Amino acid sequence: MKNKLLLTLLVAPLLLTGCNPTTNTSSNTSQNESIQEIHVDSIDITNNDITMKIGEVLTLNVNVLPNNAVNKLVNYESSDSTVASVDFNGKVTARKVGNCKIKAISDDDPSKFDEINIKVEEAAFTSLKVEFGNDVEVVETPNNKFYKLIVGETYPLNVSVTPNSDKLPELEAEFNLKDYCSFDNKNNTLTALKRTDNITVSFKIKGTNIKQDYNLRIINKGEKDIAEVIKKIDKSSELENQ
């Protein structure tokens with residue numbers, strides 16, 4: 001009986017020690033706290049002070065240190081958004097002649113920030129006009145106007161800018177649908193690739209927000225456009241009623 005009691009007294013502390021989770025939990029908690037305490041030390045805008053033209057856009061390059069900071073989110077603000085505005089991605093848009101400052105601010109610690117000076121000058125071009133040739137048919141519906149293109153055909157575009165210039169700026173095109181059209185900015189031509197009832201293209205002076213939008217309808221060669229058929233039926237009905 002004494003031997004059993006002695007054995008119980010010796011084993012019990014060992015069991016209690018093995019079952020006690022306090023040591024590991026405390027260690028893990030301490031490690032988690034030290035990870036969460038890695039705060040931002042500095043914000044650095046790598047761009048130098050910038051001169052822009054009205055309508056131009058650019059995206060700021062910002063470094064947040066240290067690299068393993070937990071919250072590396074950056075907020076942006078402009079001292080005068082009527083001169084140059086900045087969005088949440090750091091994209092700056094020049095809007096009117098003047099000067100302002102753009103600031104990048106740490107979301108983790110607002111006392112950590114950097115800023116640059118922005119100077120906005122008159123734009124080289126103030127407007128853009130892109131036109132299709134007379135061979136492109138225009139289809140009008142009650143709510144919209146479409147330029148009808150044929151799959152496989154390439155269409156030269158007539159481009160002009162204000163003020164007039166012998167040397168045209170480089171254009172770029174943005175489509176709301178991929179792989180239905182392609183744009184050759186060397187020759188300013190548009191090629192229809194696949195059929196679709198509606199695709200929007202934005203022609204834009206590269207590096208600016210100066211643009212012109214078009215709604216396109218791309219059909220197969222020989223295909224009759226449904227709007228065209230309906231229009232002919234309506235015309236036929238009008239003649240019969242006269």
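Summarised in this report is the structure supplied together with it. These numbers come from a predicted model, not from an experiment.

1. Section: the overall build of the protein
Helix and strand counts for the protein come out as three helices and 18 strands. When burial is assessed residue by residue, the protein has 29% of its 242 residues classed as buried. Once local pairs closer than 6 in sequence are excluded, the contacts in the protein between residues at least 24 apart make up 58%. A total of about 15,900 Å² of accessible surface is found on the protein, and carbon and sulfur atoms cover 49% of it.

2. Brief notes about the nonpolar core
Core analysis: the biggest nonpolar cluster contains 24 residues, and Leu-128, Phe-132, Leu-149, Leu-190, Phe-203 and Leu-216 have the highest contact counts within it. Every element with two or more residues in this core is listed here: strand E10 (127–132), strand E12 (145–150), strand E13 (154–162), strand E15 (181–184), strand E16 (189–192), strand E17 (196–205) and strand E18 (211–219). Among residues more than four places away in sequence, those in contact with Leu-216 are Phe-132, Phe-146, Tyr-147, Leu-149, Cys-181, Leu-190, Asp-197, Asn-198, Ile-199 and Val-201. If you look at the next biggest cluster of nonpolar residues, it comprises 21 residues, including Ala-69, Tyr-76, Ala-84 and Val-92.

3. A few points about the side chain of Asn-215
Structurally, the position occupied by Asn-215 is in strand E18. On the accessibility criterion, Asn-215 (19% relative accessible area) is buried. Looking at Asn-215, its side chain comes within polar contact range of the side chain of Asn-144, at 2.8 Å.

4. A word on the pattern of salt bridges
Tallying each qualifying case throughout the model produces nine salt bridges. One salt bridge in this structure joins Asp-109 and Lys-112, with 2.9 Å as the shortest N-O distance. Accessibility expressed as a relative area gives 23% for Asp-109, which makes it partly exposed. We note a salt bridge from Lys-119 to Glu-121, for which the minimum N-O separation is 3.8 Å. Judged by its relative accessible area of 39%, Lys-119 is partly exposed.

5. Considerations on the sheet that holds E12
Spatial ordering of the open sheet is given by E11-E12-E18-E17-E14, a layout of five strands whose pairing is mixed. In this open sheet, the two edge strands, each paired with only one partner strand, are strand E11 (137–140) and strand E14 (171–175). Each strand of the sheet is rotated relative to its neighbour by a mean of 40°, with strand direction disregarded. Looking at chain direction, E17 and E18 are connected through seven bridges and run antiparallel. For Phe-203, the partnering residue across the bridge sits in E18 and is Gln-212.

6. Observations concerning the environment of Ser-127
The residue Ser-127 is located in strand E10 in this model. Between the C-alpha atom of Ser-127 and that of Ile-205, which follows or precedes it by 78 residues, the distance is 9.0 Å. Apart from the residues lying within four places of it in its own chain, the contact partners of Ser-127 are Ser-160, Val-161, Thr-162 and Ile-210. A distance of 2.9 Å separates polar atoms of two side chains, one belonging to Ser-127 and the other to Thr-162.

7. Things to note about the packing of aromatic side chains
Following the criterion strictly, the structure yields five aromatic pairs and no others. Lying across the ring of Phe-146, Arg-217 places its NZ or CZ 4.2 Å from the centre.

8. Quick notes on the sheet that holds strand E8 (residues 98–106)
Within a sheet, adjacent strands bond to each other through the backbone by hydrogen bonds, running parallel or antiparallel. Pairing within the open sheet is mixed, and its four strands lie in the order E2-E9-E8-E5. Only two strands of the sheet have a single partner each, and these edge strands are strand E2 (50–53) and strand E5 (74–78). Strand after strand, the sheet turns through a mean of 25° between neighbouring axes, direction not considered. Relative to strand E9 (residues 113–121), E2 is paired through four bridges, and the arrangement is parallel. By the bridge assignment for E9, Ile-50 is matched with Ile-118.

9. Structural notes on the pairing of E12
The side chains of a regular strand alternate, first on one face of the sheet and then on the other. Pairing analysis gives four bridges linking E11 to E12, with the strands arranged antiparallel. Each bridged residue has a counterpart across the sheet, and for Glu-137 the counterpart in E12 is Lys-148. Between the antiparallel neighbours E11 and E12 lie four residues. With four bridges connecting them, E12 and E18 associate as parallel partners. Residue pairing in the sheet places Tyr-147 in a bridge with Leu-216 of E18.

Reading guide: rules and limits
- Counting starts from 1 at the beginning of each chain's written sequence and moves along it residue by residue.
- A pLDDT threshold of at least 70 governs which residues receive local features in this predicted model, and a stricter bar of 80 or more applies before side-chain atom pairs are shown or counted, although totals over entire chains, interfaces and linings include all residues.
- To obtain the side-chain values, all non-hydrogen atoms of the structure were included, while hydrogens and water were left out.
- By definition, any uninterrupted DSSP run of H or I lasting at least four residues is a helix, any uninterrupted run of E lasting at least two residues is a strand, and each is numbered from the N terminus.
- Note on classification: 1.4 Å probe, protein chains only; a residue is buried when its accessible area is under 20% of the maximum for its type, exposed when over 50%, partly exposed between these limits.
- For this analysis, residues touch if any pair of their heavy atoms sits within 4.5 Å.
- Note on areas: these come from Shrake-Rupley sampling with a 1.4 Å probe, and a residue is covered only by the protein chains present in the view.
- Working definition of a nonpolar core: buried Ala, Val, Leu, Ile, Met, Phe, Trp, Tyr and Cys residues. They are joined through side-chain atoms within 4.5 Å.
- Polar contact criterion, stated in full: a pair of N or O atoms within 3.5 Å, where within protein one must be able to donate a hydrogen and the other to accept it, and residues adjacent in sequence count only if both atoms are side-chain atoms.
- Take a side-chain nitrogen of Lys or Arg and a carboxyl oxygen of Asp or Glu: if they are within 4 Å of each other, that pair is a salt bridge.
- Following DSSP output, two strands are said to pair if at least two bridges run between them.
- Axis definition: a line fitted to C-alpha atoms, over the contacting stretch in the case of helices. Angles run 0 to 180 degrees between N-to-C directions.
- Ring geometry is summarised as follows: Phe, Tyr and Trp rings, the Trp one being its six-membered ring, pair when their centres sit within 6.5 Å, and such pairs are stacked at plane angles under 30 degrees, edge-to-face over 60 and tilted between the two.
- By the criterion adopted, a ring carries a charge over it if an Arg CZ or a Lys NZ lies within 6 Å of its centre and within 35 degrees of its normal.

By themselves, these are just geometric observations and shouldn't be taken as functional.
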